[in-house]
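# Coordinate inspection notes
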Amino acid sequence: VGHSGAGKSTLIRCLNLLERPTSGRVFLDDTELTGLPAGELRARRQRIGMIFQHFHLLDSRTVLDTVAFPLEIRGIDKARREKRALEILDIVGLVDRAKEHPSRLSGGMKQRVGIARALSMEPKVLLMDEPFGALDALTRAHLQDELLRIIAKTGSTVVMVTHDVDEAVLLSDRIVMMTNGPAARIGQILDIDLPR
């Protein structure tokens, strides 16, 4: 959590090496990602899901095909990827919208499609960059509840960046308070004096 320009989005892009850190190292389990050759890094990235603030959905495909797309890239056969996509759409409450195109959905539904797409590959880590920032208050509160339910069901580790302290406290068990540069404070929720 931190104000605009504190480096939150840069940090999350460094965690999946969309941007290379200028110093330090990134580990997934016991494997250092920063030192891997490109092919091996691509394989390891398949364990990392990413949810963007602005959805980045495939409007030329149906919701089902959008959620199945990462599996298609991995070479999973059509029957298996559609089965997995339907399972995840059921988890996020959109199985009844599988044949629609994302352009016909509300903002909250589009965000759930983005979450489903990220979860389709059963990521060990889910990275979320201001996932609820563009939503109205009611949709935001509903999706925050949905996210907590989904995390409990899938067991993924989630790293989320936000400028909203209340959202960070609601959704997190550990917080990193960022300033312009290195992390200012890291710890359990109750151990950090959060600005309000």
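Just so you know, these numbers come straight off a predicted model, no measurement behind them.

### Considering the overall build of the chain
Within the chain, the secondary structure is distributed over 7 helices and 7 strands. Along the chain direction, N to C, the helices and strands of the chain fall in the order α-β-β-α-β-α-α-α-β-α-β-α-β-β. What you see for the chain is a C-alpha radius of gyration of 17 Å, in line with the 16 Å of a compact globule of 196 residues. With the C-alpha coordinates aligned to their principal axes, the bounding extent of the chain is approximately 45 × 45 × 25 Å. Expressed as a percentage of its 196 residues, the buried residues of the chain come to 43%. Looking at the chain as shown, the accessible area adds up to about 10,600 Å², and 50% of this sits on carbon and sulfur atoms. Positive and negative charge centroids in the chain, built from 28 and 26 side chains respectively, lie 5 Å apart.

### So, the sheet that holds strand β5 (residues 157-161)
What the 3 strands build is an open sheet, ordered β3-β4-β5; its pairing is parallel. With partners counted over all chains shown, the strands left at the sheet margins are β3 (48-51) and β5, one partner each. Between one strand axis and the next, the sheet turns through 15° on average, direction left out of account. Note: strand β4 (residues 125-129) against β5, 5 bridges, orientation parallel. Considered in β5, the bridge of Asp129 is made with Val161.

### As for helix α5 (residues 107-119)
Each α-helix winds once per 3.6 residues, and so residues spaced three or four apart point in a common direction. Along its 13 residues, α5 runs 18 Å from first to last C-alpha, staying within 8% of the 18 Å computed at 1.5 Å per residue. α5 sits mainly inside the fold: 11 of its 13 residues count as buried. Elements that come into contact with the buried residues of α5 comprise β3, α3 (63-73), α4 (78-91), β4 and α6 (137-154).

### Some words on the nonpolar core
In this structure, Val67, Leu89, Val92, Val113, Met128 and Phe132 are the most contacted members of the largest nonpolar core, which totals 30 residues. Listing elements by their share of this core, those giving two or more residues are α3, α4, α5, β4 and α6. Per-element tally for this core: the top contributor is α5, with 6 residues. Ranked by size, the runner-up nonpolar core spans 12 residues in total, among them Val26, Leu36, Ile48 and Leu127.

### Focus: the pattern of salt bridges
Opposite charge on two side chains makes pairing possible when the charged atoms of those side chains draw close. By the definition in use, this model includes 12 salt bridges. Across the pair Lys83 and Glu87 runs a salt bridge, and its minimum N-O distance is 2.9 Å. One end of the pair is Lys83 and the other is Glu87, both in helix α4 and 4 residues apart, which spans about a single turn. With a relative accessible area of 34%, Glu87 lands in the partly exposed category. A salt bridge links Arg97 to Glu100; its shortest N-O distance comes to 3.4 Å. A network of salt bridges, in which partner residues are shared, links Lys83, Arg84, Glu87 and Glu122.

Conventions we followed
- Per chain, residue numbering runs from 1 following the sequence as it is written.
- Only residues with pLDDT of at least 70 are given local features in this predicted model, and only at 80 or more are side-chain atom pairs given and counted; all residues enter the totals for whole chains, interfaces and linings.
- The basis for every side-chain value is the complete set of heavy atoms in the structure, and neither hydrogens nor water enter the calculation.
- Only DSSP runs of H or I reaching four residues or more are called helices, and only runs of E reaching two or more are called strands; each is numbered from the N terminus.
- This radius of gyration counts C-alpha atoms alone. The globule rule is 2.2 Å times how many residues there are, raised to the power 0.38.
- Each residue gets one of three labels from its accessible area relative to the maximum for its type: buried under 20%, exposed over 50%, partly exposed in between, using a 1.4 Å probe on protein chains only.
- Per-residue accessibility takes into account occlusion by the displayed protein chains alone, with areas from the Shrake-Rupley method and a 1.4 Å probe.
- All tallies of charge rest on Lys and Arg as positive and Asp and Glu as negative; His and the ends of each chain are not included.
- The atom standing in for a charge is NZ when the residue is Lys, CZ when it is Arg, CG when it is Asp and CD when it is Glu.
- Between any two strands, pairing holds if DSSP finds at least two bridges.
- What counts as an axis is a line fitted to C-alpha atoms, over the stretch in contact for a helix, and the angles between N-to-C directions run from 0 to 180 degrees.
- In a helix, the anticipated span is given by 1.5 Å times the number of residues less one.
- Every residue pair with non-hydrogen atoms within 4.5 Å of one another is taken to be in contact.
- To form a nonpolar core, buried Ala, Val, Leu, Ile, Met, Phe, Trp, Tyr and Cys residues must be joined to one another through side-chain atoms within 4.5 Å.
- The working definition used for a salt bridge is a side-chain nitrogen of Lys or Arg within 4 Å of a carboxyl oxygen of Asp or Glu.

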